[in-house]
Amino acid sequence: MSGQNSSITKSASDGRRAVRTDVSARARLREAGMNPFDVDLFDLSATGFRFFSYSPPAVDTHLWVNLPGLQLLEAVVRRVDGTNCGCEFVSPLHPSVTQHMQTKLRK
């Protein structure tokens, strides 16, 4: 996967609202009116995630992500850098859910 970092957890002190953790997982995304597609997640926090896609959606696209073991979550594409996309959850994950998912999906 492209865009991976060697560190496991990145501090929220870099101006971000939440601690990010490097993860390695498959997730299913769906845009409104489109067929779902699988992506590789490589970053997860309470407020969002990053994924790799050869055909990234446009910035400001609303989509729904199915993280392993969770219900569909709505997110908005906030950044696209080549094949790497950064998304923000419409409703942040609960801290205990975030911790569980980060531990479960950690590299």
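Details of the structure are given in the entry above.
Parameters and conventions
Every chain is numbered on its own, with residues counted from 1 as its sequence reads. It should be noted that, the model being predicted, local features are given only for residues of pLDDT at least 70 and side-chain atom pairs only at 80 or more, the latter also being counted only at that level, while totals for whole chains, interfaces and linings use all residues. Heavy atoms throughout the structure, all of them, feed into the side-chain values; hydrogens and water do not. Put simply, a nonpolar core is a bunch of buried Ala, Val, Leu, Ile, Met, Phe, Trp, Tyr and Cys residues held in one set by side-chain atoms that sit within 4.5 Å of each other. Residue exposure (1.4 Å probe, protein chains only): buried if accessible area is under 20% of the type maximum, exposed if over 50%, otherwise partly exposed. Numbered from the N terminus, helices here are DSSP runs of H or I no shorter than four residues, and strands are runs of E no shorter than two. Should any heavy atoms of two residues lie within 4.5 Å, those residues are counted as being in contact. Definition used for salt bridges: Asp or Glu carboxyl oxygen within 4 Å of a side-chain nitrogen of Lys or Arg. Each polar contact in these results corresponds to two N or O atoms within 3.5 Å; when the atoms are within protein, one needs to be able to donate a hydrogen and the other to accept it, and residues that are neighboring in sequence are counted only if both atoms are side-chain atoms.

With that settled, the discussion passes to the nonpolar core. Core analysis: the biggest nonpolar cluster contains 21 residues, and Leu 41, Leu 44, Phe 49, Phe 51, Val 65, Leu 67 and Phe 89 have the highest contact counts within it. When residues of this core are traced back to their parent elements, those giving at least two are strand 3 (25-31), strand 4 (37-44), strand 5 (48-52), strand 6 (62-66), strand 7 (72-81), strand 8 (84-89) and helix 1 (95-105). With residues up to four places along the chain from it excluded, the contact list for Leu 67 reads Ala 27, Leu 41, Leu 44, Leu 73, Phe 89 and Met 101.

Moving on to the pattern of salt bridges. Side-chain pairs of opposite charge can arise whenever the charged atoms involved come near each other. One pass over the structure, following the stated rule, counts 7 salt bridges. For the salt bridge of Asp 43 with Arg 50, the shortest nitrogen-to-oxygen distance reads 3.3 Å. The residues Asp 43 and Arg 50 share a single accessibility class, namely buried. Among the salt bridges present, the one from Glu 88 reaches Arg 78, with a minimum N-O distance of 2.8 Å. Note that Glu 88 is positioned in strand 8 and Arg 78 in strand 7, a separation of 10 residues in sequence. Members of the salt-bridge network, linked through shared partners, are Arg 26, Arg 28, Asp 38 and Asp 40.

Moving on, we get to the side chain of Arg 20. Note that Arg 20 resides in strand 2 (residues 20-21). Exposure remark for Arg 20: the relative accessible area of 11% places this residue in the buried category. Here the side chain of Arg 20 touches Asp 43 through a polar contact of 3.4 Å, side chain to side chain.

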